[in-house]
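Structural overview
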Amino acid sequence: MSDEGIKIGVTVNGVKREAAVEPRELLVYFLREQLGLTGTHVGCDTSQCGACTIHLNGCAVKSCTILAVQADGAEIVTIEGLARGDALHPMQEGFREKHGLQCGYCTPGMIMTAVYLLKTNPNPTEDEIKRALEGNLCRCTGYVNIVEAIKWTAQKIGGDRVSR
Amino acid sequence: MFPASFGYFAARSVEEALDLLTKHGEDAKLLAGGHSLIPAMKLRLASPRYLIDIGRVPNLRGIRVDGDTLAIGALTVHADVASSDLVRRHLPGLAEAASVIGDVQVRNRGTIGGSVAHADPGADFPVILMALNASFTAVSPSGSRTLPVDGFFVDFFTTVLKPNEVLTEIRAPLPPAGTGTAYHKMPHPASGYVVVSAGALISRDASGNCASARVAIGGLASGPLRAQATEAALRGKPLTAKNIAAAAAQAAEGSDPVDDVYASAEYKRHMATVLVRRAVEQASERASKK
């Protein structure tokens, strides 16, 4: 136990980062406030809404329910890590193409969950898409265009596994 | 929301976790995936002085066949239980229970050992593990002991685990030929927790009658309950739809659930009969295919 914090090392979007964190600091606040990666949102802050979804060691997780110290040594990808320069990730393209958003608050989490879905199931049925989104809440859209966006992307990448 | 301040230790082995538990006693809590404990700490329902993180202790994650038992490391996440070929082949009811916990992200992080040790009355694993006649391996400084599921869950959020013990493995007997398992759940539509759920393990004899039955129900008490009247009514009988329905009608016998904002006690008792019927029907069907 120490007041000055515990040293952790994580790789975030391919970049190695080291920092001292208070044990109670949640991963989402570490990403947003220490690393300035504010694309990951805090929605409900109670593990329900999925706005804070990131990839931790390749798996979609809710970063509001993980302590930063638990991520020591982990590989993290956030929404900022998807595009390559100006080239959008196919899932981001899909959300733009099918207008899979309204206010945009839930969108980073939706996209991170959707990318994880296509990594594990490259050709999901509509039902599988809807089930995969059970941990992501959208209060604007009714989900129709979100599901369309994921279908569009799955078709576009033609069953290739999404690499990131 | 932030938890109250606490001291943090990342244990590298079970032995190190045991040393820390011995040193800090009831001031310390074990942290695995943290998907029950961290929400409770954020709401200040729990404020442990120390957290001992066992999340990265090696060799506690994974599923293997050990003789006539399926052994699941305590740190195995729900998603791994749900997608495991071994679990799906031998104990599909367990895979089904794992696949309806929380959501995708929660299943990638929450652990079976954490769920069992936390003993939430709305959890899925305790119910199916009771039906499967599972047992739990607990390690303390004085050695290891095996705890049968019957008697393990003693009250809300309370098990027979001692403060100086670490749960390391969940063990479920591999079912013999002619045995089927199933799990059916009515989730709360917002939280996904169990309103009522039922798990069943049904064995058929050569003539197609019920040779043995274990049926457990969640949502009617502080922890999972055996549906003993249903089990007794099934034993020795042909597993027909009519017999199963008659046995399931007794599922809530001896239980005393409470009303809550979502469901009345009467409704829960009724749903128990429905879900037990479905679970026993499906387990019986699977028993006849093997």
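Now for a description of the structure that goes with this document. (Residues numbered from 1 in each chain as written. Chains lettered and ligands numbered in written order. Predicted model: local features only at pLDDT ≥ 70, side-chain atom pairs only at ≥ 80, totals over all residues.)

**Comments concerning the sheet that holds strand β2 (residues 15-21) of chain A**
All names here are of chain A. Strand order in the open sheet made by the five strands is β2-β1-β5-β3-β4, with mixed pairing throughout. With partners counted over all chains shown, the strands left at the sheet margins are β2 and β4 (59-62), one partner each. On average, adjacent strands in this sheet sit at an angle of 40° to one another, irrespective of strand direction. With seven bridges joining them, strand β1 (residues 6-12) and β2 adopt antiparallel strand pairing. Following the sheet pairing, valine 12 is matched in β2 by valine 15. Along the sheet face, helix α3 (residues 107-120) touches β3 (53-56) and β4 and points at about 40° away from the line of β3. (Pairing = 2+ DSSP bridges. Helix = DSSP H or I, 4+ residues; strand = E, 2+ residues; numbered from the N terminus. Axes fitted to C-alpha atoms, helices over the stretch in contact; angles between N-to-C directions. Contact = placed C-beta atoms within 7 Å.)

**Description of the packing of helix α10 (residues 241-248) of chain B against helix α11 (residues 265-288) of chain B**
Residue and element names in this part refer to chain B. Relative to each other, α10 and α11 sit at 145°, their axes nearing to 8 Å. Note on packing geometry: the crossing formed by α10 with α11 is right-handed. Every residue of α11 that contacts α10 at Ala241, Ile244, Ala245, Ala247 and Ala248 is listed here: Thr273, Val276, Arg277, Val280, Glu281 and Ser284. (Left-handed = near helix turned anticlockwise from the far one by under 90°.)

**Overview of the pairing of strand β12 (residues 194-204) of chain B**
Residue and element names in this part refer to chain B. Burial of β12 is extensive: 11 of the 11 residues sit out of reach of the surface. Relative to β12, strand β11 (residues 179-187) runs antiparallel, the two being bridged by nine bridges. Looking at β12, one finds that tyrosine 183 is bridged to glycine 199. Summarising the sheet, β12 and strand β13 (residues 210-218) pair through eight bridges and their orientation is antiparallel. Looking across to β13, one finds that alanine 198 is bridged to isoleucine 217. In textbook terms, the turn of a hairpin is the stretch between consecutive antiparallel strands, and for β12 and β13 this stretch comprises five residues, one of which, glycine 208, has a positive phi near 90°. (Buried ≥ 20, exposed ≤ 12 C-beta atoms within 10 Å, placed from the backbone.)

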